[in-house]
Amino acid sequence: QQPDIRYNHMAKLIIVSNRLPVKLQEHEGRLDFKPSEGGLATGLGSIYKKKNNLWIGWPGMVVEEEAQQQQIVENLNGQNMHPVFLTEKEIKEFYEGFSNETLWPTFHYFSQYAIYEQQLWETYVEVNQKYCDELVKVAEPDDTIWVHDYQLLLLPSMLREKLPESTIGFFQHIPFPSYEVFRLLPWRKELLEGMLGSDLIGFHTYDDMRHFLSSVNRLVGHGSTHGWINTGNRSLLVDSFPMGIDYEKYEQTADSEDVKKREKIFRNNLHSKKIVLSIDRLDYSKGIPQRLQAFELFLERYPEFHEKVTLVMLVVPSRDAVEKYKELKNEVDELVGRINGKYSHMNWNPIQYFYRSYPLETLSAFYRMADVALVTPMRDGMNLVCKEYVASKLDQTGVLILSEMAGASKELSEALLINPNDINQMVETLHTALTMPEDIQKQHMQHMQESLRRYNIHHWVSMFMDRLSYVKIKQLSMATT
Ligand code: F6P
């Protein structure tokens, strides 16, 4: 057990991420807050509300008027949040551009989609500086600053310059690619140097951590020993911390009367005996077209399942101003239309497709009723949907089909693991899942539940925080010897 040096009564944890866990939306002429999509927001939702902790990030909408900004600041400050307002240009060049058209495709091994533009890079630097300036206004020397994700890779070093003694953790929620892919980025060295301002850098998996250390070694020239990097004037640690979910929240929600009622209604409306579930943000990294093609081939190969199985596919709108996402939306719409057009009967559609976001209670009802969850990303840092599915299966029936390319596959070895590029394997695995005896389903589910209950979000946060405290102590002892 490492001592926790954060136990100063006023010290706070400041979470910084591109997006706040809530987003502003205009509704009937009024501004409302809605929960944000994505693993980060759901994962850390229960942490920032504690004590005087704070979450800093973009509220998801352009707000130009100063009086309105002030109103939002006051409103959010009352809920342990602080906004960073981004202009239209910053959203285009920093968020949609460099973050989601340069870094996102590269880090997910879709380099062929990446664009390299100096202007986008410059805005990325400016916006990271903007977050830094906002943080400097609210951070006290004893606070712990926890920076999240690829949109803010430069922030740790910027903060280190302004607050040299501060405690800075960084966590990357998406994969870190192999050196051969990472080195394609024209700004590769600056990005690594930005991250190296941290005291502790965390990844979901050991492989991501290894890729990062290899890039640091080859591009910046710092070797490492057991994850420790010495930059010449300071030491920092790199380690892996697989993120968990708020297990109890998903378990309790699935047990609520409201959710059971919703499940009953959905079941009555769907006439199939078997439900296969697919839930993702609309993103090419999630492998949605490949999943649809596998389902189409399954229907072709196993006609005995016609009218007996339905794929319930929820696609949550995401980054819809980015070209590749628009193209993907058209591709998914077309594929669903084609498959339904080919196989539908008057009283059966093989695919029930919903393009919108849903509240937790609806998701929970879908998880409860799904006989199979198809989670088959081409590449994913962790993937929390598969964990939420497992936590919601209170009767322990159900089968999880999981991509080997998701970080979660390293933990959930009891799932049926597939390679999302292998369509035949996906088809046959779906058949295995749909015909799996209940006692075997329960065995697998029970193992996965035990592990997820234990390695939950609270465990993840305390592992990271304890390691961060340990790094600070170790740095002090290194400085005095
Ligand atoms: O988990 C990766 C991530 O990019 C988070 O940083 C983000 O909050 C989430 O996915 C959703 O993406 P966006 O903020 O672009 O809507």
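The rules we used
- Residues numbered from 1 in each chain as written.
- Predicted model: local features only at pLDDT ≥ 70, side-chain atom pairs only at ≥ 80, totals over all residues.
- Heavy atoms only, no water.
- Pairing = 2+ DSSP bridges.
- Helix = DSSP H or I, 4+ residues; strand = E, 2+ residues; numbered from the N terminus.
- Core = buried A, V, L, I, M, F, W, Y, C linked by side-chain atoms within 4.5 Å.
- Buried < 20%, exposed > 50% of the residue type's maximum accessible area, 1.4 Å probe, protein only.
- Contact = heavy atoms within 4.5 Å.
- Near = heavy atom within 4 Å.
- Polar contact = N/O pair within 3.5 Å; in protein donor to acceptor, adjacent residues only side chain to side chain.
- Areas by Shrake-Rupley, 256 points an atom, 1.4 Å probe, with all protein chains shown as cover.
- Nonpolar A, V, L, I, M, F, W, Y, C, P; charged D, E, K, R; others polar.
- Expected span 1.5 Å × (residues − 1).

Caption draft 1: A look at the sheet that holds strand E5 (residues 81–83). Pairing in this open sheet of 9 strands is mixed, and the strands run E5-E4-E1-E6-E7-E8-E11-E10-E9 from one edge to the other. A single partner strand is all that each edge strand has here, and the edge strands are E5 and strand E9 (224–225).

Caption draft 2: Representation of the nonpolar core within the structure. Ranked by size, the top nonpolar core spans 93 residues in total, and within it Val16, Leu191, Phe212, Leu292 and Phe298 carry the most contacts. Here leucine 292 is in contact with Leu311, Met313, Val332, Leu335, Val336, Ile339 and Ile351, once residues within four sequence places are set aside. Grouped together as the second largest cluster of nonpolar side chains are 64 residues, Val73, Phe241, Val385 and Ala391 included.

Caption draft 3: Inspection of the site of the ligand at higher detail. As a structural note, the neighbourhood of the ligand is formed by Arg19, Glu37, Leu40, Tyr95, Trp104, Asp149, Tyr150, Gln151, Ile174, Arg281 and Arg319. Contact between the ligand and aspartate 149: an oxygen atom at 2.6 Å from a side-chain N or O atom of the residue. Contact with the protein chains hides 90% of the accessible area of the ligand, taken as 380 Å² for the molecule alone. Among the residues forming the shell around the ligand, the class breakdown is 5 nonpolar, 1 polar and 5 charged.

Caption draft 4: View of the pairing of strand E16 (residues 399–403). Extensive coverage of E16 is indicated by the burial of 5 of its 5 residues. Because side chains alternate across E16, one face comprises the buried residues Val399, Ile401 and Ser403, and the other comprises Leu400 and Leu402, equally buried. The pairing of strand E15 (residues 372–375) with E16 spans 4 bridges and is classified as parallel. Counted as the bridge partner of valine 375 is leucine 402 from E16. Pairing of E16 with strand E17 (residues 416–418) involves 3 bridges; the strand directions are parallel. Of the residues in E17, the one forming a bridge with leucine 402 is leucine 417.

Caption draft 5: Spotlight on helix H4 (residues 118–138). With 21 residues, H4 extends 31 Å from end C-alpha to end C-alpha; this agrees with the ideal 30 Å at 1.5 Å per step. Residues of H4 that are buried: Leu120, Trp121, Thr123, Tyr124, Val127, Asn128, Tyr131, Cys132, Glu134 and Leu135.

Without other data, these values stay purely geometric and don't point to any function.
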